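# Descriptive structure summary
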Amino acid sequence: MSDKTLVEEAWIALEKSIIYYQGRPIGTIAACDPDIAALNYDQCFIRDFVSSALVFLINDRSDIVRNFLEETLKLQPKKTQLDSSTPSRGLMPASFKITVVNGQEYLKPDFGEHAIGRVAPADAGLWWIILLRAYVIATDDRSLAEREDFQEGIRLILQLCLVTRFDMYPMVLVPDAASMIDRRMGLYGHPLDIQSLFYAALRASLELLIPHEENQLIIKAVHSRLPPLLKQLRENYWLDIDRLNVIYRYQVEEYGEQALNQFNIYSDSIPFYRLAKWLPEAAGYLAGNLGPSQLDSRFFALGNLMAIIVSLTDELQSHRILNLIELRWTDLISNMPMKLCYPALEDIEWRIVTGADPKNRPWSYHNGGSWPVLLWMLTAAAKKMDRGELAHHAIAIAERRLLKDQWPEYYDGQDGRLIGKEARKFQTWTIAGYLLAKEFIANPDRLKLVTFPFENVSV
Ligand code: GLC
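Now for a look at the structure at hand. (Residues numbered from 1 in each chain as written. Predicted model: local features only at pLDDT ≥ 70, side-chain atom pairs only at ≥ 80, totals over all residues. Heavy atoms only, no water.)

### A short note on the overall build of the protein chain
The helix and strand tally for the protein chain stands at 17 helices and 11 strands. Relative to the globule expectation of 23 Å for 459 residues, the C-alpha radius of gyration of the protein chain, 21 Å, shows essentially globular dimensions. For the protein chain, the spread of C-alpha atoms along the principal axes amounts to about 65 × 55 × 40 Å. Taking all 459 residues of the protein chain together, the buried fraction comes to 59%. (Helix = DSSP H or I, 4+ residues; strand = E, 2+ residues; numbered from the N terminus. Rg over C-alpha atoms; globule rule 2.2 N^0.38 Å. Buried < 20%, exposed > 50% of the residue type's maximum accessible area, 1.4 Å probe, protein only.)

This is the structure:
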């Protein structure tokens, strides 16, 4: 099928996913699968909508994005609650749906109180800030972001991440399942996927916050968090052969400021022999998680790709992540770009870490499944680093399957050849992710909606 038809078909499907609230378009539903029970896939998820929103911003449909930003802002709790059954101040919902009471439409948010597993989303507020910045860049209009209710909204999201907590690290501490991976997957603590978004949201906030009296404290807090956060991620999350050699020979049980092995990582917890064989000399990546005696060496695509896009990794590191994708193509891309996480947790690890979750069995769904939505992030990362050929190759692979398979949510199997066992068809972010990848190829100038330059922050 020709390129044009694929794109046209994708647009038709994307248009169908738009939802209207009080007569205005305000978002897109997660999936329009006619054959599987909707559960919550008939809702508009903040993280899912970002892909559609970027497509809309590029195609002069910024009205939808504006409506979305305004309405979701109203859902954010503005008061401190000491009652555990109500969402925290500043939290953004994972999703919302439209309900009708006495003929009147209302938005019903889900902060995790209905979600499977009952987890609050840590990524929603971060994505919201990132999207607001994209809106400002696309429309060249700062007035929405500078409205006092928007300034307050940004402040409250940041406060939730920056204020008092039980932690001594610059990273943000979150529960398991608080991001795109919204089921237990061993991500409790400081998962990379969240740290990349956190870093991007902090940088975006500096562009969005007006330097007036009321914002002074929070601007100062962002400035003081960014350098240590960047240093921690670039240095201690980073894995390549040289780092592996250092960690392999770490001393343990060190006390005090001079400790080299700050996190007290025990060598036996890391699969060194497998990693040393797998990691090419020219490659590297950011580890999945870091905490006390914990270095999760799984590769997480969202965190690594977003790190490149937002310049969390430096230029050399960004190239080395792309080298990894290129040199381990069969593992990470294979028949559908791309694996959400690699490798999968298997056997006893799967049993203990996921709670024996059948949806996340090895090489399925979040546990080593392949997610086409990641195509836009791969394309953006590759184009940003002038490695467009990687993106072209990945898009060509996706194009062979996506329309024919009716835009599945994810694929299963080590080589990504099976349509996900429980995958929804006509999954909106699959459709939007494809369109966005094509936009970035056709017009790399659009990348500025999501990228940050390298030079601004010094470690
Ligand atoms: C699944 C995904 C989550 C997504 C939601 C709606 O729960 O894990 O990331 O937001 O579906 O598509």
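### Let's talk about the nonpolar core
Judged by nonpolar contacts, the single largest core of 162 residues is most densely connected at L54, L69, W127, W128, I325, M338 and W376. The element contributing the most residues to this core is helix α4 (residues 123–139), with 11 residues. Aside from chain neighbours lying at most four places away, what touches W127 is I46, R47, V50, L197, L302, M306, W376 and M377. (Core = buried A, V, L, I, M, F, W, Y, C linked by side-chain atoms within 4.5 Å. Contact = heavy atoms within 4.5 Å.)

### Comments concerning the pattern of salt bridges
All told, the structure shown has 21 salt bridges when counted by the stated rule. Among the salt bridges present, the one from R133 reaches E207, with a minimum N-O distance of 2.8 Å. Pair noted here: R133 is in helix α4 and E207 is in helix α7 (residues 192–208), with a separation of 74 residues, a long-range link. Of the charged contacts, one joins E146 and R142 as a salt bridge, the two residues approaching to 2.8 Å between their closest N and O atoms. Classification of E146 as partly exposed rests on a relative accessible area of 34%. Sharing partners across several salt bridges, the network here consists of R24, E71 and K74. (Salt bridge = Lys/Arg side-chain N within 4 Å of Asp/Glu carboxyl O.)

### Describing unusual backbone geometry
M338 follows P337 through a cis peptide bond whose omega is -15°. Following the sequence through the fold, M338 ends up in the loop between α13 (329–332) and β9 (341–342). Of the consecutive residues Y342 and P343, the connecting peptide bond is found in the cis state with omega at -10°. Its identity as a non-glycine residue notwithstanding, D60 has a phi of 55°, on the positive side. Structurally, the position occupied by D60 is in the loop between α2 (46–58) and α3 (62–75). Phi angles above zero are rare outside glycine, and Y365 is one such case at about 50°. The class for Y365 is buried, based on a relative accessible area of 5%.

### Some words on the packing of aromatic side chains
Evaluated as defined, the whole model comprises 16 aromatic pairs. Ring centres of Y248 and F272 lie 4.9 Å apart, and the angle between their planes is 65°; this geometry places the pair in the edge-to-face category. Taken together, the residues Y248 in helix α9 (residues 241–248) and F272 in helix α10 (residues 272–278) connect sequence positions 24 residues apart. Under the relative-accessibility criterion, F272 is labelled buried at 7%. Ring geometry for W278 versus Y342: centroids 5.1 Å apart, planes at 20°, classification stacked. Of this pair, W278 sits in helix α10 while Y342 sits in strand β9, and the two are 64 residues apart along the sequence. Of the two residues examined, W278 and Y342, each falls in the buried class. Above the ring of Y365, the side-chain terminus of K359 is found at 4.3 Å from the ring centroid. If you follow K384 out to its NZ or CZ, it ends over the ring of F454, 4.0 Å from the centre. (Phe/Tyr/Trp six-rings, centres within 6.5 Å; stacked < 30°, edge-to-face > 60°. Lys NZ or Arg CZ within 6 Å of the ring centre and 35° of its normal.)

### Structural notes on the site of the ligand
Taken together, A30, Y41, F45, R47, D48, M180, D182, Y365, H366, E409, Q427 and W429 make up the full set of residues adjacent to the ligand. One of the side-chain nitrogen or oxygen atoms of D182 is found 2.7 Å away from an oxygen atom of the ligand. Y365 places a polar side-chain atom, nitrogen or oxygen, 3.4 Å from an oxygen atom of the ligand. When the free accessible area of the ligand is taken as 310 Å², the share hidden by the protein chains comes to 96%. Each residue belonging to the shell around the ligand can be placed in one class, and the counts come to six nonpolar, two polar and four charged. (Near = heavy atom within 4 Å. Polar contact = N/O pair within 3.5 Å; in protein donor to acceptor, adjacent residues only side chain to side chain. Areas by Shrake-Rupley, 256 points an atom, 1.4 Å probe, with all protein chains shown as cover. Nonpolar A, V, L, I, M, F, W, Y, C, P; charged D, E, K, R; others polar.)

### Quick look at the sheet that holds strand β6 (residues 238–239)
Spatially, four strands are ordered β6-β7-β8-β9 in an open sheet, and the strand pairing comes out antiparallel. Of all strands in the sheet, those bounded by a partner on one side alone are β6 and β9. Note: strand β8 (residues 294–300) against β9, two bridges, orientation antiparallel. By the bridge assignment for β9, F300 is matched with C341. This element, helix α11 (residues 301–309), spans β7 (285–291) and β8 of the sheet and lies at about 80° to β8. (Pairing = 2+ DSSP bridges. Axes fitted to C-alpha atoms, helices over the stretch in contact; angles between N-to-C directions.)

### Focus: the pairing of β7
Of all seven residues that make up β7, seven are buried, and the element is covered over most of its length. Both β6 and β7 contribute to a ladder of two bridges, which runs antiparallel. Counterpart to L239 in the pairing with β7 is Y285. In this structure, β7 lies alongside β8, joined through four bridges in antiparallel fashion.

### Remarks on the environment of G125
Inspection of the secondary structure puts G125 in helix α4. For G125 and N304, which are 179 residues apart along the polypeptide, the C-alpha to C-alpha distance reads 20 Å. The contact partners of G125, leaving out residues within four places of it in the chain, are M92 and I157.

### Some details on the side chain of K438
In this fold, K438 is placed in helix α17 (residues 428–442). A relative accessible area of 18% places K438 in the buried class. In this view, K438 contacts D3, V7, I395 and E399; residues no more than four positions away in its chain are not counted.

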